[in-house]
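# Summary of the model geometry
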Amino acid sequence: MYVFPCPMRYATSPSVGPTESMDFPYGDTEAWMVFGCDRSSEWAYIGFSVAPNLVNDETQDGYSTSESRVRWDDRIEMTGFSQPWGEAVLHFRLDAPAIANMQAANTALIEVAWYGQGTVLFEFSLRGSSAAIAEARGMCN
């Protein structure tokens, strides 16, 4: 058994639905952007109320990888994600740039290719994220 020296802390955006409704069975899907930390590391991901069923991903050993366009305010970039099989999260493959973008931007818009739904957009408010991330970091140190 391992005792963590410091509990994990999180800062999350408000939950949002897709910009356009998805068909059954994804009609009530919500998502939120997350910063997390513990004493030794930081990470970023997007959580979903339903596991995303993405297309155009590559199967690995126990997880899939994909790339999606993300717009941080007015700047668009291709961003890599990983998704453990069956889990309702997309982990940013490069945490540090994602966290920096979360702190600097007021909004983030992610575009994902969802099976049977086509291109699906989720827009997150990041207002106050810099202060929330700083507070979470302070509790992890």
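Calculation criteria
Residues numbered from 1 in each chain as written. Predicted model: local features only at pLDDT ≥ 70, side-chain atom pairs only at ≥ 80, totals over all residues. Heavy atoms only, no water. Helix = DSSP H or I, 4+ residues; strand = E, 2+ residues; numbered from the N terminus. Buried < 20%, exposed > 50% of the residue type's maximum accessible area, 1.4 Å probe, protein only. Arc of directions from axis to C-beta. Contact = heavy atoms within 4.5 Å. Pairing = 2+ DSSP bridges. Phe/Tyr/Trp six-rings, centres within 6.5 Å; stacked < 30°, edge-to-face > 60°.

### So, the environment of Ala100
Within the fold, Ala100 resides in helix H1 (residues 95–104). The spatial distance from the C-alpha of Ala100 to the C-alpha of Ser125 is 15 Å, given a sequence separation of 25 residues.

### Here we look at H1
Of all the residues in H1, the buried ones are Ala98, Ile99, Asn101 and Met102. Across the axial projection of H1, the buried residues extend over an arc of 160°, all falling on one side. Of the residues in H1, the exposed ones pointing more than 90 degrees away from the buried face are Ala96 and Ala104. Structurally, H1 contributes buried residues whose contacts are with strand E2 (31–37), strand E3 (42–48), strand E5 (63–72), strand E6 (75–84), strand E7 (89–92) and helix H2 (129–140).

### Focus on the pairing of E5
Pairing between strand E4 (residues 58–59) and E5: two bridges, direction antiparallel. From the neighbouring strand, Thr59 faces E5, where its bridge partner is Ser64. Of the pairings in the sheet, the one linking E5 to E6 comprises ten bridges and is antiparallel in character. Directly across from Trp72, in E6, lies its bridge partner Arg75. Between E5 and E6, which pair antiparallel one after the other, the connecting turn spans two residues, and Asp73 there sits at a positive phi close to 55°. Note: E5 against strand E8 (residues 107–114), four bridges, orientation antiparallel.

### Side note on the packing of aromatic side chains
Taken as a whole and judged by the stated rule, the model has seven aromatic pairs. Taken together, a centroid distance of 6.2 Å and an interplanar angle of 70° make the contact between Tyr10 and Trp43 edge-to-face. Pair noted here: Tyr10 is in strand E1 (residues 9–12) and Trp43 is in strand E3, with a separation of 33 residues, a long-range link. Given a relative accessible area of 43%, Tyr10 falls into the partly exposed group. Between Trp72 and Phe92 the ring centres are 6.2 Å apart and the planes differ by 35°, which places this aromatic pair in the tilted class. With Trp72 in strand E5 and Phe92 in strand E7, this residue pair connects regions lying 20 residues apart in the sequence.

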